[in-house]
6 protein chains.
Amino acid sequence: MRICVINPNTAAAMTEVIAAAARSVARPDCEIVAVTSTMGPESIESHYDEALAVPGLLRAIADNPGADGYLVACFGDPGLDAAREVADAPVLGIAEAAMHLAAPLGRTFSIVTTLDRTIGRAVDLVAHYGFAGQCGGVHACDIPVLELETNPATADILEKACSEALRTDGSDAIVLGCAGMADLAQRIGAAIDAPVIDGVAAGVGMLAALAAMGGRTGTASGEFRAPPRKRYSGALQDFEIS
Amino acid sequence: MRICVINPNTAAAMTEVIAAAARSVARPDCEIVAVTSTMGPESIESHYDEALAVPGLLRAIADNPGADGYLVACFGDPGLDAAREVADAPVLGIAEAAMHLAAPLGRTFSIVTTLDRTIGRAVDLVAHYGFAGQCGGVHACDIPVLELETNPATADILEKACSEALRTDGSDAIVLGCAGMADLAQRIGAAIDAPVIDGVAAGVGMLAALAAMGGRTGTASGEFRAPPRKRYSGALQDFEIS
Amino acid sequence: MRICVINPNTAAAMTEVIAAAARSVARPDCEIVAVTSTMGPESIESHYDEALAVPGLLRAIADNPGADGYLVACFGDPGLDAAREVADAPVLGIAEAAMHLAAPLGRTFSIVTTLDRTIGRAVDLVAHYGFAGQCGGVHACDIPVLELETNPATADILEKACSEALRTDGSDAIVLGCAGMADLAQRIGAAIDAPVIDGVAAGVGMLAALAAMGGRTGTASGEFRAPPRKRYSGALQDFEIS
Amino acid sequence: MRICVINPNTAAAMTEVIAAAARSVARPDCEIVAVTSTMGPESIESHYDEALAVPGLLRAIADNPGADGYLVACFGDPGLDAAREVADAPVLGIAEAAMHLAAPLGRTFSIVTTLDRTIGRAVDLVAHYGFAGQCGGVHACDIPVLELETNPATADILEKACSEALRTDGSDAIVLGCAGMADLAQRIGAAIDAPVIDGVAAGVGMLAALAAMGGRTGTASGEFRAPPRKRYSGALQDFEIS
Amino acid sequence: MRICVINPNTAAAMTEVIAAAARSVARPDCEIVAVTSTMGPESIESHYDEALAVPGLLRAIADNPGADGYLVACFGDPGLDAAREVADAPVLGIAEAAMHLAAPLGRTFSIVTTLDRTIGRAVDLVAHYGFAGQCGGVHACDIPVLELETNPATADILEKACSEALRTDGSDAIVLGCAGMADLAQRIGAAIDAPVIDGVAAGVGMLAALAAMGGRTGTASGEFRAPPRKRYSGALQDFEIS
Amino acid sequence: MRICVINPNTAAAMTEVIAAAARSVARPDCEIVAVTSTMGPESIESHYDEALAVPGLLRAIADNPGADGYLVACFGDPGLDAAREVADAPVLGIAEAAMHLAAPLGRTFSIVTTLDRTIGRAVDLVAHYGFAGQCGGVHACDIPVLELETNPATADILEKACSEALRTDGSDAIVLGCAGMADLAQRIGAAIDAPVIDGVAAGVGMLAALAAMGGRTGTASGEFRAPPRKRYSGALQDFEIS
């Protein structure tokens, strides 16, 4: 099977981290294709960034047909419903996947994200996916996305934030709130002695499970059928479906 | 005061309908500036269309600074949070506005939208804004957006759908689920003897109310501060905030 | 258009504050009629007061027919459903109006009310209107209603309470929890650099929006039709509908 | 022990039905004092009626001090919070009591009320008390309150409505939605072979349970302490607490 | 009437405490039959204990037919739905009963349980019964079940925990979270000047109320009909219904 | 890796179906160990059966230490929390797993279970896991568990029930509500052209994903630590943890 992991940030270095995390958990018979978006923001740290990362994500899906699953590697899960309309296999976001796998590991999980301005989006996703009773809280570690890899103190700061989140919320598990943290899950989990879920690994695992079952996005209600064709114009003219 | 009404569909004829609805309810001292998006889908009927309408919406806000309020005239309320980060005045979506004004008019309201594939998005918005207890149901009239103005049977079909929605849901009011229906609210309300709320008129009224109070988007939590600056690339390079 | 603002407290000085707040935001073509209840408690600070303020409110509506909207200027929103059955135009409470206008201004709003014994009622209204996810918390400033105008420290105390509420709840906006605070919204908003919503101004704005659209209370479900006629007796005999 | 059952309708014949139902289930050592309100509507069938029944209810409590519990015998549970502030023993409404006793008897219960205009209030109470997951639906039998005793077809009509409610909602139990139906619970329960809960009997049982435990309304949060004293005026001047 | 109170812990001393609490509130015409489980854990302090207490509970019900009500005297309410299928009268758990009787006594109640590992189960029950809006919080006093009777400091520790819970949660009432605390409700209530509800007393009161009304578990939906007969094997062979 | 799939029904033929479904989706490097419970009911079709299946399930976990994950193959997810306290690897129920994997495949999923008396338990699980907004409805096909394999019409009846559920609920996906249906997911999915999720396959996939990430049940809150040791007696004496 083949799983396509899309980094909707245009920062290629981040894609390397994501790809490595994906490959470290993939089934022996699963190929990971890691793709970097070719348009939009270098990193996603605002609603503005997130909205403008979606065209690049949709372009990446269109440019990589035939996979058995698509993973959107940004914790805001941008463009998920649109992606489901156009992809020919299941699509998951890493926030969604991380919460689904963290929920059964204890009473509640806590989310630790990057900047505090991203907390709101995480809160919305928690409610949207139905995990309001399973999420004990959302916290920020105050490290910008692109500094996660370059700041030598990242692991220590994040470990401290995760440890405090567990205690404050009375939670049993941690969900890491950014694809750029994917390489730190094991280390932090060992340090704080608690399950720490990275959404990239979670997403690859869930997509493999779905692929093995022949899972696909359902279209019976009509919502996720292919979009009606129509004229697109201006800078987005190329998104017209021919 | 000046209110900027943005049609995120690129269909200019639809903007005319929207502008007329906005002007018909505006305060005597309120100027309505109606703007058509210059990029993206001609009409919004899928998650794909909606996602790709957001860049044009954000461009329109940037190109029309200084208004006392911005109204996003598409019932999917696309790009609302991103718009709030960059606009210097309150931003409302027409779904949001319509629900806020319909809620106090009875026990529950029913939403009547265009194609049934758009029902899911309306259901999400109902939950997101907190109106799950106030919305009796979401229904489709099965008319595509661009046919609303050209199909001579639109008013009759929509009236019938509204009437059935009231009865099926036991509701007291109707919310029209598309900006392109804005010219029909009065007629249908008279025909079915019930309050029928169009989001364009509702949005203009709420924005005027906010403007008169000096309302603005709050930034205390950090979520809605101006987005961090960063490199944008590819077809969306121009969205980089300088 | 004409909007009737009813103070269900019998304290006439409070009506002056309310009327001024209403007129300061009203459309140029909107007449504000401010009415003081003629029976019941001087101020509303308990469930007991609130219940006994309702007859005076209903009497005031009956005595002022023909308005385009009625605003109940007490943050407990007393008698709203009863008022809707007998008024010939939309009826709003100031708690309801304030929450509807505050919700779109940020992630969450915080409510600051008078005595802590009134917090429970505000919590009930938050849930009833569907704003449990939008309200970050309800706080008291511990000033009795009638002291709001006479205590020279009111503005400072209230400003401090609002500032703390924002920080404690991580909110973006404030809702003032008493009609008697209506004159302080602008000043406090400037002081704490956040949107501060007064329900009187919010209610006038929403009612004007509804009036411009021809809005009215819906009667299709039967709940808000005129009440069945019947015998009334005792001290309330005059409330029998003839 | 002594339990005071207050009929907030001024119809004395209805008080007889209520008193009989209360006495039929009371503990051997429990005295039932049945009181008819002396002011307000003859029967309660609208929000207007309900609001105007509250002063008479509060007067009846003040006139009957020293009971071990007070039951408000109207399914709208009017004035409950106000009554709790002034009564020196626990206060229950019959809707509240009926739902608390019906919930443990099956998966869900269905409510059958009088006129369909009263459905909305029942829906509000269901949500307010937390029984949204336990209530399968609210239905009307279309018999006005005062006809319940005089219409010879009442029992048959009500039995049919209850039977249909069970089937439509897939419920296991019925809650009767009016104090005037108190004499029919046993007969209907036998006819439809399902538990049928009358709120008057339920309330007497719950109040006796609370009285035996020394239960009382808690005042720690401040909400239910005695109301602050203040000036009352007009027709309600006598409600001023001296 | 006869109410059967079953202690699903096998500790007989605890049954004495429970029986005394039950008898102290029972109607004069109500016989209390107190039964100790004959198999499973001595005390229930984990999900493991709770699961393994259920067979003994079901055996106790089968061995004591003909009661007018059955009370499961463990705050985890183990085996309630199974018990309802096989008992010929209503079945209540003490958590369920305590919450139903505490809810009407104030804005919110707080639960104080034994070990903090039992908090999660209480949180689940709060949600399951619909009391999420009525329960202000769940707290532990850190005393193991079997030490409740033997530790001379129990009353002081528990009183302190209850007092702190009231203040932390802003609650009006306390629910004691273990059958072994049944003898302390009166003393703690007096000490902290707030209603303190013990589930054993609450359950006896609610079951008596139901018995007086002829209440029984409803079977219309099919869920609570007698279980289908089938082969049982191994150590649980005797549970096969003949 | 090794995943232990436990059939808490004592019917060995059913274990064969379950094991085959598990192996058909397992990673190439994953060994499936399928275990049949040795005590309790032959099939689980009531709350009574379910409660009495838990001891056998807990025994099976104790008898099969060292797996990387445990799957409880009964759609009522019996004994899950108890199993988590004693297992040294993550534990999933098939209802839980199926819902987690079905949720991302569309707007809502519908559950189709065996007898209608089991609908209530499924409804409880939907709420407990947070999927109330993702589950469109729960339906029964009216085939007893042990007839699923022997009744030649099973596939046709189930296919029809799934098809009707999709249409009635407006859902996009189906969740099969019994481990005994595991062999029919592919066939029914093809027939109704919609994703059909079997919990056994879903559970194996999720457990493999968790195992690859080093997932484990979190113990930070204390709830899922090993149970306190204590005396067990009677027929369950062997469950005492030494």
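This one's a predicted model, so the numbers in the text were calculated from it and none came from an experiment.

Conventions adopted
- Sequence positions are assigned chain by chain, starting from 1 and proceeding in written order.
- Throughout, the order in which chains and ligands are written sets their labels, letters from A for the former and numbers from 1 for the latter.
- Per-residue local features are limited, in this predicted model, to residues with pLDDT of at least 70; the limit for side-chain atom pairs, both in listing and counting, is 80 or more; totals at the level of whole chains, interfaces and linings are taken over all residues.
- Side-chain metrics in this entry use all non-hydrogen atoms of the structure; hydrogen atoms and water are not considered.
- Strand pairing follows a simple DSSP-based rule, namely that at least 2 bridges must link the two strands.
- The numbering of helices and of strands both runs from the N terminus, where a helix is a DSSP run of H or I of at least 4 residues and a strand a run of E of at least 2.
- For every element, the axis is a line fit to its C-alpha atoms; helices are fit only across the contacting stretch, and the angle between N-to-C directions ranges from 0 to 180 degrees.
- Residue contacts follow a heavy-atom distance rule, with two residues in contact if any of their heavy atoms lie within 4.5 Å.
- For this overlay, a least-squares fit was computed on C-alpha atoms, restricted to residues scoring pLDDT of at least 70 in both copies.
- For the exposure calls, accessible area comes from a 1.4 Å probe over protein chains only, and a residue counts as buried if that area is under 20% of its type's maximum, exposed if over 50%, partly exposed in between.
- Basic side-chain nitrogens of Lys or Arg form a salt bridge, by our definition, when they fall within 4 Å of a carboxyl oxygen of Asp or Glu.
- Here the buried area means the combined drop in accessible surface, using a 1.4 Å probe, for two parts upon being joined, counting both sides.
- Whenever a nitrogen or oxygen atom comes within 3.5 Å of another N or O atom, the pair is scored as a polar contact, on the condition that within protein one atom can donate a hydrogen and the other can accept it, and that pairs from neighbouring residues in sequence are kept only if both atoms are in side chains.
- Any helix carries an expected span of 1.5 Å times its number of residues minus one.
- For crossovers, right-handed means that the path from the first strand over the helix to the second runs clockwise, given strands pointing away from the viewer.
- For every domain, the bounds stem from an assignment made automatically or drawn from a database.
- Basically, the charged four are Asp, Glu, Lys and Arg, the nonpolar ten are Ala, Val, Leu, Ile, Met, Phe, Trp, Tyr, Cys and Pro, and anything else, Gly included, counts as polar.
- Note that the term roughly parallel is reserved for angles under 35 degrees, roughly antiparallel for angles over 145, roughly perpendicular for angles of 65 to 115, and oblique for everything else.
- Crossing handedness follows the turn of the near helix against the far one: under a right angle anticlockwise gives a left-handed crossing, and clockwise gives a right-handed one.
- In this analysis, rings of Phe, Tyr and Trp, with Trp reduced to its six-membered ring, are considered paired at centre separations within 6.5 Å, and the interplanar angle assigns stacked below 30 degrees, edge-to-face beyond 60, and tilted for intermediate values.

1. Description of the sheet that holds strand 4 (residues 69-72) of chain C
All names here are of chain C.
For step 1, the next point in the chain: The four strands are arranged 2-1-4-5 in an open sheet whose pairing can be described as parallel. Of all strands in the sheet, those with a lone pairing partner are strand 2 (31-36) and strand 5 (91-93), marking the two edges. Neighbouring strand axes in the sheet, compared pairwise and without regard to direction, differ in orientation by 20 degrees on average.
For step 2, the next point in the chain: Relative to the sheet, helix 2 (residues 47-63) contacts strand 1 (2-7), strand 2 and strand 4, its axis offset from that of strand 1 by approximately 155 degrees.
For step 3, the next point in the chain: Packing of helix 8 (residues 199-212) onto the sheet brings it into contact with strand 1, strand 2, strand 4 and strand 5, and relative to strand 4 it is tilted by some 160 degrees.

2. Looking at the sheet that holds strand 8 (residues 173-176) of chain C
Remark on secondary structure: sheet strands pair via backbone hydrogen bonds, oriented parallel or antiparallel.
Residues and elements named next belong to chain C.
For step 1, the next point in the chain: Ordered by their spatial adjacency, four strands build an open sheet running 7-6-8-9, and the pairing between neighbours is parallel. Each end of this open sheet is capped by a strand with a single partner; those strands are strand 7 (135-140) and strand 9 (196-197).
For step 2, the next point in the chain: Where strand 6 (residues 109-113) and strand 7 come together, five bridges link them in parallel fashion. Its bridge partner being in strand 7, serine 110 is matched across the sheet by glycine 137.

3. Re the environment of Ala226(D)
For step 1, the next point in the chain: Within the secondary structure, Ala226(D) is located in the loop between helix 8 (199-212) and strand 10 (232-233).
For step 2, the next point in the chain: Separated by 15 residues in the primary sequence, Ala226(D) and Ile241(D) have C-alpha atoms spaced 9.7 Å apart.
For step 3, the next point in the chain: Among all residues touching Ala226(D), those that are not within four sequence positions of it are Arg117(C) and Glu85(D).

4. Examining the relation of the copies chain A and chain B
For step 1, the next point in the chain: Taken as rigid bodies, chain A and chain B are interconverted by a rotation of 180 degrees and an axial shift of 0.0 Å, the fit giving an RMSD of 0.0 Å. Such a combination of rotation and displacement between the chain copies is what one expects of a two-fold axis. Closest approach to the rotation axis within chain A is made by the C-alpha atom of Ala235(A), at a distance of 3.3 Å.
For step 2, the next point in the chain: Residue by residue, 100% of the interface of chain A is reproduced at the interface of chain B, so both copies engage with the same surface.

5. Overview of the environment of Met39(D)
For step 1, the next point in the chain: In this structure, Met39(D) sits in the loop between strand 2 (31-36) and strand 3 (40-41).
For step 2, the next point in the chain: Residue classification places Met39(D) among the buried positions, given a relative accessible area of 8%.
For step 3, the next point in the chain: Considering only alpha carbons, one finds Met39(D) and Ala211(D), 172 residues apart in sequence, at a separation of 29 Å.
For step 4, the next point in the chain: The contact partners of Met39(D), leaving out residues within four places of it in the chain, are Ser233(C), Gly234(C), Ala235(C), Leu236(C), Thr10(D), Leu52(D), Pro55(D), Gly56(D), Arg59(D) and Phe239(D).

6. A few points about the pattern of salt bridges
For step 1, the next point in the chain: Tallied over the entire structure, the rule returns 78 salt bridges over all chains.
For step 2, the next point in the chain: With a closest N to O distance of 2.8 Å, Asp124(C) and Arg107(E) form a salt bridge. Residue Asp124(C) is found in helix 5 (residues 119-129), and its partner Arg107(E) is found in the loop between helix 4 (94-102) and strand 6 (109-113); the two belong to separate chains. The burial state of Asp124(C) is the same as that of Arg107(E); both residues are buried.
For step 3, the next point in the chain: One continuous salt-bridge network, built from bridges that share partners, spans Glu45(A), Asp49(A) and Lys230(B).

7. Some words on the interface of chain A and chain B
For step 1, the next point in the chain: The interface of chain A with chain B comprises 43 residues on the first partner and 43 residues on the second.
For step 2, the next point in the chain: Between chain A and chain B, the buried area comes to about 3800 Å², and carbon and sulfur atoms account for 55% of it.
For step 3, the next point in the chain: Three residues stand out in chain A for area buried against chain B, namely His47(A), Tyr48(A) and Arg117(A), and they jointly supply 20% of the buried area on that side.
For step 4, the next point in the chain: Applying the counting rule to chain A against chain B returns eight salt bridges.
For step 5, the next point in the chain: Among the ionic pairs, Lys230(B) bridges to Glu45(A), the shortest N-O distance being 2.7 Å.
For step 6, the next point in the chain: At the junction of chain A with chain B, the criterion picks out 28 residue pairs in polar contact (both at pLDDT 80 or more).
For step 7, the next point in the chain: Elements with a minimum of two residues in the side of chain A that touches chain B: strand 3 (40-41), helix 2 (47-63), helix 3 (80-86), helix 5 (119-129) and strand 10 (232-233) of chain A.
For step 8, the next point in the chain: Element by element, the count of residues in the side of chain A that touches chain B is highest for helix 2 of chain A, at eight residues.
For step 9, the next point in the chain: Where strand 3 of chain A lies against strand 10 (residues 232-233) of chain B, two bridges are found, and the strand directions are antiparallel. In the sheet register, Gly40(A) faces strand 10 of chain B, and the bridge partner there is Ser233(B).

8. Comments concerning unusual backbone geometry
Note: most peptide bonds trans; most residues except glycine with negative phi.
For step 1, the next point in the chain: Positive phi is not limited to glycine here, since Asp142(C) has a value of about 65 degrees.
For step 2, the next point in the chain: Here Asp142(C) lies in the loop between strand 7 and helix 6 (154-169).

9. Some thoughts on the arrangement of the chains
For step 1, the next point in the chain: For the non-touching pair chain A and chain D, the nearest C-alpha separation works out to 16 Å.
For step 2, the next point in the chain: Contact between chain B and chain E is absent, and the least distance between their C-alpha atoms amounts to 16 Å.

10. Some thoughts on helix 8 of chain D
Residues and elements named next belong to chain D.
For step 1, the next point in the chain: Taking 1.5 Å of rise per residue, 14 residues should cover 20 Å, and helix 8 covers 19 Å from first to last C-alpha, within 8% of that figure.
For step 2, the next point in the chain: By the burial criterion, the buried members of helix 8 are Gly199, Val200, Ala201, Ala202, Gly203, Val204, Gly205, Met206, Leu207, Ala208, Ala209 and Leu210.
For step 3, the next point in the chain: Among the residues of helix 8, the N-terminal cap falls to aspartate 198, whose side-chain oxygen and the backbone nitrogen of valine 200 are separated by 3.1 Å.
For step 4, the next point in the chain: Just beyond helix 8, the residue with positive phi is glycine 214, at close to 75 degrees.

11. Quick notes on the pairing of strand 4 (residues 69-72) of chain D
For step 1, the next point in the chain: Both faces of strand 4 of chain D are covered, namely the face carrying Gly69(D) and Leu71(D) and the face carrying Tyr70(D) and Val72(D).
For step 2, the next point in the chain: Once the chain exits strand 4 of chain D it traverses helix 3 (residues 80-86) of chain D before rejoining the sheet at strand 5 (residues 91-93) of chain D, and the crossover so formed is right-handed.

12. Examining the domain arrangement of chain A
When the parts of a complex come together, some accessible area is lost, and that lost area is often taken as the interface size.
Residues and elements named next belong to chain A.
For step 1, the next point in the chain: Under the domain assignment used here, chain A contains domain 1 (2-93 + 202-239) and domain 2 (96-199).
For step 2, the next point in the chain: Just the C-alpha atoms count here: the centres of domain 1 and domain 2 sit 21 Å apart.
For step 3, the next point in the chain: Roughly 2000 Å² is buried in total at the junction of domain 1 and domain 2, and carbon and sulfur atoms are behind 66% of that figure.
For step 4, the next point in the chain: Per-residue buried area on domain 1 facing domain 2 is highest for Glu45, Phe75 and Ala202; these three make up 36% of the total on that side.
For step 5, the next point in the chain: Here glutamate 96 makes a salt bridge to arginine 84, at a shortest N to O gap of 2.9 Å.
For step 6, the next point in the chain: Summed over the shared surface of domain 1 and domain 2, the number is 12 residue pairs in polar contact (both at pLDDT 80 or more).
For step 7, the next point in the chain: Looking at the side of domain 1 that touches domain 2, the element that brings in the most residues is helix 1 (residues 12-25), giving four residues.
For step 8, the next point in the chain: Taken together, the residues of the side of domain 1 that touches domain 2 sort by class into 14 nonpolar, six polar and five charged.

13. Some details on the side chain of Asn7(A)
All names here are of chain A.
For step 1, the next point in the chain: Within the secondary structure, asparagine 7 is located in strand 1 (residues 2-7).
For step 2, the next point in the chain: Look at asparagine 7 and you get buried, because its relative accessible area is 0%.
For step 3, the next point in the chain: Of the polar contacts made by the side chain of asparagine 7, one reaches the side chain of threonine 15; its length is 2.9 Å.
For step 4, the next point in the chain: Setting aside anything within four residues of it in sequence, one finds asparagine 7 in contact with Met14, Thr15, Ile18, Val35, Thr36, Ser37 and Ala73.

14. Considerations on the packing of helix 6 of chain C against helix 7 (residues 185-192) of chain C
All names here are of chain C.
For step 1, the next point in the chain: For the pair helix 6 and helix 7, interaxial distance at closest approach is 10 Å and the crossing angle is 50 degrees. Looking at the two axes, helix 6 sits oblique to helix 7. Note that helix 6 runs across helix 7; the crossing there is right-handed. Two secondary-structure elements touch here, helix 6 through Ala155, Asp156, Leu158, Glu159, Cys162, Ser163 and Leu166 and helix 7 through Arg187, Ile188, Ala191 and Ile192.
For step 2, the next point in the chain: Class assignment for the residues of the contact of helix 6 with helix 7 results in seven nonpolar, one polar and three charged.

15. Considering the packing of aromatic side chains
For step 1, the next point in the chain: Under the definition given, this model contains 15 aromatic pairs over all chains.
For step 2, the next point in the chain: Considering the side-chain rings of Phe131(A) and Phe131(F), the 6.1 Å spacing of their centres and the 75 degrees angle between planes classify their relative orientation as edge-to-face. Here Phe131(A) is found in the loop between helix 5 and strand 7 (135-140), whereas its partner Phe131(F) is found in the loop between helix 5 (119-129) and strand 7 (135-140) on a different chain. Here the two residues Phe131(A) and Phe131(F) agree in accessibility, since each one is buried.
For step 3, the next point in the chain: Ring geometry for Phe109(E) versus Phe131(E): centroids 6.3 Å apart, planes at 70 degrees, classification edge-to-face. Here Phe131(E) lies in the loop between helix 5 (119-129) and strand 7 (135-140) and Phe109(E) lies in strand 6, a separation of 22 residues in the sequence. The same class applies to Phe109(E) and to Phe131(E), which are both buried.

16. Looking at the environment of Ser46(A)
For step 1, the next point in the chain: In this structure, Ser46(A) sits in the loop between strand 3 and helix 2.
For step 2, the next point in the chain: Assessed through its relative accessible area of 7%, Ser46(A) is described here as buried.
For step 3, the next point in the chain: Residues Ser46(A) and Arg121(A), spaced 75 residues apart in sequence, show a C-alpha to C-alpha distance of 9.0 Å.
For step 4, the next point in the chain: Discounting residues that sit within four places of it in the chain, Ser46(A) has contacts with Arg117(A), Glu85(B), Pro227(B) and Pro228(B).

17. Some words on the packing of helix 2 (residues 47-63) of chain E against helix 2 (residues 47-63) of chain F
For step 1, the next point in the chain: Where helix 2 of chain E meets helix 2 of chain F, the axes come as close as 9 Å, and the angle between the chain directions of the two elements is 130 degrees. The orientation of helix 2 of chain E relative to helix 2 of chain F falls into the category oblique. Crossing of helix 2 of chain E against helix 2 of chain F: the hand is left-handed. Seen from helix 2 of chain E, the contacting residues are Tyr48(E), Ala51(E), Leu52(E), Val54(E), Pro55(E) and Leu58(E); seen from helix 2 of chain F, they are Tyr48(F), Ala51(F), Leu52(F), Val54(F), Pro55(F) and Leu58(F).
For step 2, the next point in the chain: In terms of residue class, the contact of helix 2 of chain E with helix 2 of chain F is built from 12 nonpolar, no polar and no charged.

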